[in-house]
Amino acid sequence: MKKLLKMTTLAVSAFLAAVGPSAAADNPYGAPPWTIGFSQDTMDHPWRAFMVTSAEAQAEKYPELIKEFIYTDAKGTNEKQIADIEDLIARGVDLIMMSPREAQALVPAVEAIKKAGIPLVVLDREIVGEDYNVFIGGNNLSLAEGLGKHVLGSVGEKFSYLELEGIPGATPTIQRHQGFASQIEGKADIKLLDARPANYDLAPAIPIVEDWLTRYRDQFQVIYAHNDPMILGAINVLKEAGYKPGDVYLIGVDGQREAFQAIKDGWLQATSIYATGGAIGLDMAVRVLKGEPVPKRITTETPIVTKDNVDEFYNADLQYVR
């Protein structure tokens, strides 16, 4: 069997006991069946769509407890995500799952959820404050630190690099930059040539990398992207420009099937798995609604995948590991 993030499952196994059909007598959220609303930043991204669909599939395992699973698509805007959450509140959902676009911008939405007395499960990106029942996500700082150490061990301490950043202001963007940079600070022979946001998407990464090839061709040895779709966009550009696998040391984040294939093909040298947390989040939502204890934070594992261990994680039938 392939190692599909067994470590994450083991880490939360104590909180995944069998679910009974009734809520505790003093449960403030009432008796089942319940309606769960999921506010997603955007569905126009495979990783985020998988987060929602995996939660939706998990909800089907609780037919006596969940009467409806509703999800909304903010289409990549803070304003619509706030409006979506207001709509979920108006529709009387019993719990909200949310993966926020930006922490500071979503403060009004979090305040509205709290005012309505609705429990909140947060996935992936942080919110401001701790007005949530459980947060599920990887440690982006340590993830990026690990990738920084990996590059130093693989490339050495003399190289120039380019950085494809995620959404400006989003906590993973900030931490994935800070963690990587912390490992190379003070090394005189390592230089960041340029860093630009491509918003965690493949298409915006393409013109950025095309421009970089015009400006910096033959000057860089490494491209670090904050997620796999952006590095896959970079690979497309490098292929078109006549580069060969291994000419540039390429690094991504997420654990996307296509990224694993790129590793097997020699184009991508490393990625770090970042689980969506959708299924675990749904399980935690059920426990919250039942009035059962849940951990305040669940930190998913973020193993680095290279050609040496990619076969342990690769599954042609799964777009993401978890």
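Everything below is about the structure shown above.
In this report, the structure presented in the accompanying data block is examined. Computed from a predicted model, the values in this text were never measured in an experiment.

1. Things to note about the nonpolar core
Here is a general trend for soluble globular proteins: nonpolar side chains tend to be buried in one another's company.
Link 1 in the chain: Ranked by internal contacts, the top residues of the largest apolar core, which has 46 residues, are Ile36, Phe69, Met97, Phe180 and Leu282.
Link 2 in the chain: Once you skip the residues sitting within four places of it in the chain, Phe69 turns out to touch Ile36, Phe38, Val52, Ala55, Glu56, Ala59, Met97 and Leu282.
Link 3 in the chain: The next biggest cluster of nonpolar side chains, apart from the first, holds 37 residues, and it includes Ala198, Leu213, Phe220 and Tyr243.

2. Remarks on the environment of Gln256
Link 1 in the chain: Here Gln256 is to be found in the loop between strand S9 (249–254) and helix H9 (257–264).
Link 2 in the chain: When the C-alpha atoms of Gln256 and Glu157 are compared, they prove to be 28 Å apart, with 99 residues separating the residues in sequence.
Link 3 in the chain: Ignoring any residue separated from it by four or fewer positions in sequence, one finds Gln256 in contact with Pro46, Asp228, Pro229, Leu232, Gln319 and Tyr320.
Link 4 in the chain: At a separation of 3.0 Å, a polar atom in the side chain of Gln256 contacts the side chain of Glu258.

3. A short note on unusual backbone geometry
Link 1 in the chain: Omega for the peptide link from Pro32 to Pro33 comes to 5 degrees, which places this bond in the cis form.
Link 2 in the chain: Of note, Pro33 is situated in the loop between helix H1 (6–12) and strand S1 (34–40).
Link 3 in the chain: The backbone of Asn199 shows a phi angle near 60 degrees, a positive value even though the residue is not glycine.
Link 4 in the chain: Looking at the element boundaries, Asn199 is found in the loop between strand S7 (190–197) and helix H7 (202–216).
Link 5 in the chain: In this model, Asp254 sits at a positive phi of 145 degrees, which is unusual for a non-glycine residue.
Link 6 in the chain: A residue is classified by how much of its surface remains accessible, and Asp254, at 5% relative accessible area, is buried.

4. Considering the sheet that holds S1
Link 1 in the chain: Taken in spatial order, the six strands line up as S2-S1-S3-S4-S5-S11 in an open sheet, and their pairing is parallel. Since the sheet does not close on itself, it has two edges, and those belong to strand S2 (66–73) and strand S11 (297–300), each with one partner. Averaged over all neighbouring strand pairs, the angle between strand axes comes to 15 degrees, with direction disregarded.
Link 2 in the chain: In the sheet, strand S5 (residues 134–138) pairs with S11 via four bridges, with the strands oriented parallel. Within the sheet, the bridge partner assigned to Gly138 lies in S11 and is Thr300.
Link 3 in the chain: Contacting S1, S2, strand S3 (95–99) and strand S4 (120–123), helix H2 (residues 46–59) crosses the sheet at an angle of about 170 degrees to S2.
Link 4 in the chain: On the sheet, helix H10 (residues 278–289) packs against S1, S2, S3, S4, S5 and S11 and is oriented at approximately 155 degrees with respect to S3.

Reading the values: the criteria
Residues numbered from 1 in each chain as written. Predicted model: local features only at pLDDT ≥ 70, side-chain atom pairs only at ≥ 80, totals over all residues. Heavy atoms only, no water. Core = buried A, V, L, I, M, F, W, Y, C linked by side-chain atoms within 4.5 Å. Buried < 20%, exposed > 50% of the residue type's maximum accessible area, 1.4 Å probe, protein only. Contact = heavy atoms within 4.5 Å. Helix = DSSP H or I, 4+ residues; strand = E, 2+ residues; numbered from the N terminus. Polar contact = N/O pair within 3.5 Å; in protein donor to acceptor, adjacent residues only side chain to side chain. Pairing = 2+ DSSP bridges. Axes fitted to C-alpha atoms, helices over the stretch in contact; angles between N-to-C directions.

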